[in-house]
Amino acid sequence: MHQSIRVAARFASARMLSLLLLVGASGAAEAQALNPCGGVTVSLSPVGAAMSALPRAGIQHSTCAGVPEFWLYNLDGLDSTVTQLEGTIQAQLEATTSSFSHASLYFHPNLGFAPGLAALHTNVGLRVGAFPVPQALKPIVRLYFGGPNETAQQIYDSVTAPLVALAGADPAQWNVRVAVGRSETQLNGWNHSKLSVRDRIEAIATSYETAQQELAIHLAGEPASHAANWFDTIWNQRFIPCVGDSSLCYTVPTAPSVTATTPHAFRSANVLALSRGSLDSGQNFDADDALVAGMGATERSMFFLNPALVGFVPPYSNIFSPIFMENVGDAIARGVDVKFVWGTDAQARSPGVWNVMEDILEARFADHQLNPVRRAVGHCMFHMVSYRDARPGAVSPESHAKFYMLDDGFYVGSQNLYPSGFMGRVYSPELKEFGFFVDTRPGVNEDLADEVISRIVEPVWNNSRAAVEPSAYATCNALAHPVRASGSANTPFGVFTCGSDFNLTLDFQNVAHDQVAIAQGQTTCTSSIYTVYVGVQGVIGTDGVFTGTISGHLPGLTGDTAPLTGVFHQGALNASFSGLEPIQGVPYSGTVSTRMPPP
């Protein structure tokens, strides 16, 4: 079983957060208490700066975050298990001193609400020294669900049954106040957020709803307070049947003023709490706008893991967001590599939908006046695959996770990217979504990005990449890419030159997560009286760096190989070499560059 990096051992300055939750405390006072990093901040990446610059209520920026020892859950059955997440959520409930809030689409009894509430009743009584405790000291617990499977009353009866057995049927005898709410209709944008918040100082944001692969992230401090703000927003909406303690319903209740602590190591880190969905005040697309802004600022690579890009409930089947695809096209036109792992075959794109998506890319490339070479490369730089995991012990060959990585920053949460989860141009009920975007860059919280890559991006891509969708516009596993190789050498007999126009073969399909394409090609050129056989091979990384070799030999006589390095930017290769001796004692220097036609 993989375990997360031990954060506390790496940060000598880690501090425990002790927060006094005061009734009526100002937002500024709470924010100060929730930030134990001593005012030390780290700069944002270009992506994080673009996302946080939007003046939106649904984009809340934290500069200090607590990172638990086990902060990242990859629920694939091998890296992490659902049992681990269940245990963490139940433990958070049992440790509550002031408030506990949970939102998800469906009610999951396995998350431990019933035994957790019974344990909380006992823990509060022992802490206060009374049974029952005074009303003002009873923590509040609110559970909010979006799906139609059970009524709010059925869920309430289920989770409070152990309390009834322990302390009687009268809630006044309980040491906890409980209310359960449920979204009334899908047309009003039912709740799809999946989060658990304890005492406004610890929060788990997740995609967890199914037996498929899921993800979750656990953070403490100010990010948790921002998650609590979103829960209060969606809790206090119309069309929510609410049962239990009526004083907690249809309002944002006041929690007890008690001390709550979290033991986790804190660090200066930029975390964005992103939310969106249909609200009483109107449609909120803040998280969507943040993603679009982040995509616009991405410089190297994007990686998406999401169940689908098309809707799956009639009449939204096979409808996707052209806005998303247009921004993908814009990013590729700048030279950004885009990998999209489509998680669920049951919601898989039809050939017609895939063709329309590619048509949007083609139209976007035309808007950017890309020439035919760059257009072909652009189509191949959108690597679309279906999620696969055939490893023994994996929970499912499909994924329900919602994740993206823009350069070094990453998102974990509940947001789907099909219409109703991401803005489109066809009306659909906008689901309520929430997640955390953790902004990192080289040298700043890089360890978090490294862990995400090693535990999510790399295994997901390696298990799925054989299923790359072929393009109708280019042969992406063997794309002919026009280049010119040229070199020269100073000899006692004058300058020897050698040049040739030929095609490199670029394979965009059989690549690693941090690769754009694998290149290889052969040609011949004439230098003086010699015919030189030239070979080129190498790898284009998502950082735009080309690393390879160039070889030259005279058949049956001499030969040599030298490093060939350079950049691949906006569909063009520019690489150079030196010290290549196809003719022994005659070192050549030169270049291999794309022969780029006009637009």
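Note: the structure precedes this text.
Residues numbered from 1 in each chain as written. Predicted model: local features only at pLDDT ≥ 70, side-chain atom pairs only at ≥ 80, totals over all residues. Heavy atoms only, no water.

### Concerning the overall build of the chain
Then step 1. Along the chain, the regular secondary structure elements total 12 helices and 27 strands.
Then step 2. Taken along the three principal axes of its C-alpha coordinates, the chain extends 100 × 55 × 45 Å.
Then step 3. Within the chain, the fraction of its 599 residues that count as buried is 58%.
Then step 4. Here the contacts in the chain between residues at least 6 apart in sequence split such that 73% fall between residues at least 24 apart.
Then step 5. Carbon and sulfur atoms form 54% of the exposed surface of the chain, whose accessible area is close to 22000 Å².
Then step 6. Mean positive and mean negative side-chain charge positions of the chain (32 and 49 charges, respectively) differ by 3 Å. (Helix = DSSP H or I, 4+ residues; strand = E, 2+ residues; numbered from the N terminus. Buried < 20%, exposed > 50% of the residue type's maximum accessible area, 1.4 Å probe, protein only. Contact = heavy atoms within 4.5 Å. Areas by Shrake-Rupley, 256 points an atom, 1.4 Å probe, with all protein chains shown as cover. Lys, Arg positive; Asp, Glu negative; His and termini not counted. Charge placed at Lys NZ, Arg CZ, Asp CG, Glu CD.)

### Quick look at the pattern of salt bridges
Then step 1. Counted under the stated rule, the structure contains 22 salt bridges.
Then step 2. When the shortest N-O distance is used, the salt bridge between Asp-245 and Arg-177 registers 3.0 Å. Here Asp-245 is found in the loop between strand S10 (242–244) and strand S11 (259–262), whereas its partner Arg-177 is found in strand S6 (residues 177–182), with 68 residues between them in sequence.
Then step 3. Taking the relative accessible area as the measure of exposure, Arg-177 reaches 14% and is therefore buried.
Then step 4. A salt bridge links Asp-288 to Arg-276; the nearest nitrogen and oxygen atoms lie 2.9 Å apart. (Salt bridge = Lys/Arg side-chain N within 4 Å of Asp/Glu carboxyl O.)

### Let's talk about the packing of helix H4 (residues 82–94) against helix H5 (residues 113–128)
Then step 1. Interhelical geometry of H4 versus H5 gives an angle of 30° and a closest axis separation of 8 Å. With respect to H5, the axis of H4 lies roughly parallel. Of the two possible hands of crossing, H4 and H5 adopt the one that is right-handed. In contact with Gln-90, Leu-93 and Glu-94 of H4, H5 contributes Phe-113, Pro-115, Gly-116, Leu-117, Ala-119, Leu-120 and Asn-123. (Axes fitted to C-alpha atoms, helices over the stretch in contact; angles between N-to-C directions. Parallel < 35°, antiparallel > 145°, perpendicular 65-115°, else oblique. Left-handed = near helix turned anticlockwise from the far one by under 90°.)

### Notes on helix H8 (residues 286–297)
Then step 1. When the terminal C-alpha atoms of H8 are compared, their 17 Å separation across 12 residues agrees well with the 16 Å that a helix rising 1.5 Å per residue should span.
Then step 2. Counting buried residues in H8 gives 10 out of 12 residues, a clear majority hidden from the surface.
Then step 3. Restricting attention to buried positions, one finds in H8 the residues Asp-286, Ala-287, Asp-288, Asp-289, Ala-290, Leu-291, Ala-293, Gly-294, Met-295 and Ala-297. (Expected span 1.5 Å × (residues − 1).)

### Structural notes on the nonpolar core
Then step 1. Counting residues in each nonpolar core, the largest one holds 82 residues, and the members touching the most others are Leu-274, Phe-304, Phe-324, Met-357, Phe-382 and Phe-508.
Then step 2. It is helix H9 (residues 322–334) that provides the largest number of residues to this core, a total of seven residues.
Then step 3. Apart from residues no more than four positions distant in its own chain, Phe-304 is found in contact with Leu-291, Met-295, Phe-324, Val-338, Lys-339, Phe-340, Val-341, Phe-403, Tyr-404, Leu-406 and Leu-417.
Then step 4. Formed by 51 residues, the second largest nonpolar core is a distinct cluster that contains Trp-230, Cys-249, Val-385 and Phe-436. (Core = buried A, V, L, I, M, F, W, Y, C linked by side-chain atoms within 4.5 Å.)

### A short note on the sheet that holds strand S27 (residues 586–594)
Then step 1. Taken together, the eight strands give a closed barrel; going around it, the order is S20-S21-S22-S23-S24-S25-S26-S27, and neighbouring strands pair in antiparallel fashion. Averaged over all pairs of adjacent strands, the angle between strand axes in this sheet comes to 20°, irrespective of strand direction.
Then step 2. For strand S25 (residues 559–569) and strand S26 (residues 572–583), the ladder comprises five bridges, and the chain directions are antiparallel. Among the inter-strand pairings, Phe-568 is bridged to a residue of S26, identified as Leu-573.
Then step 3. Seen against the sheet, helix H11 (residues 372–380) touches strand S20 (479–491), S25 and S27 and runs at an angle of roughly 115° to S20. (Pairing = 2+ DSSP bridges.)

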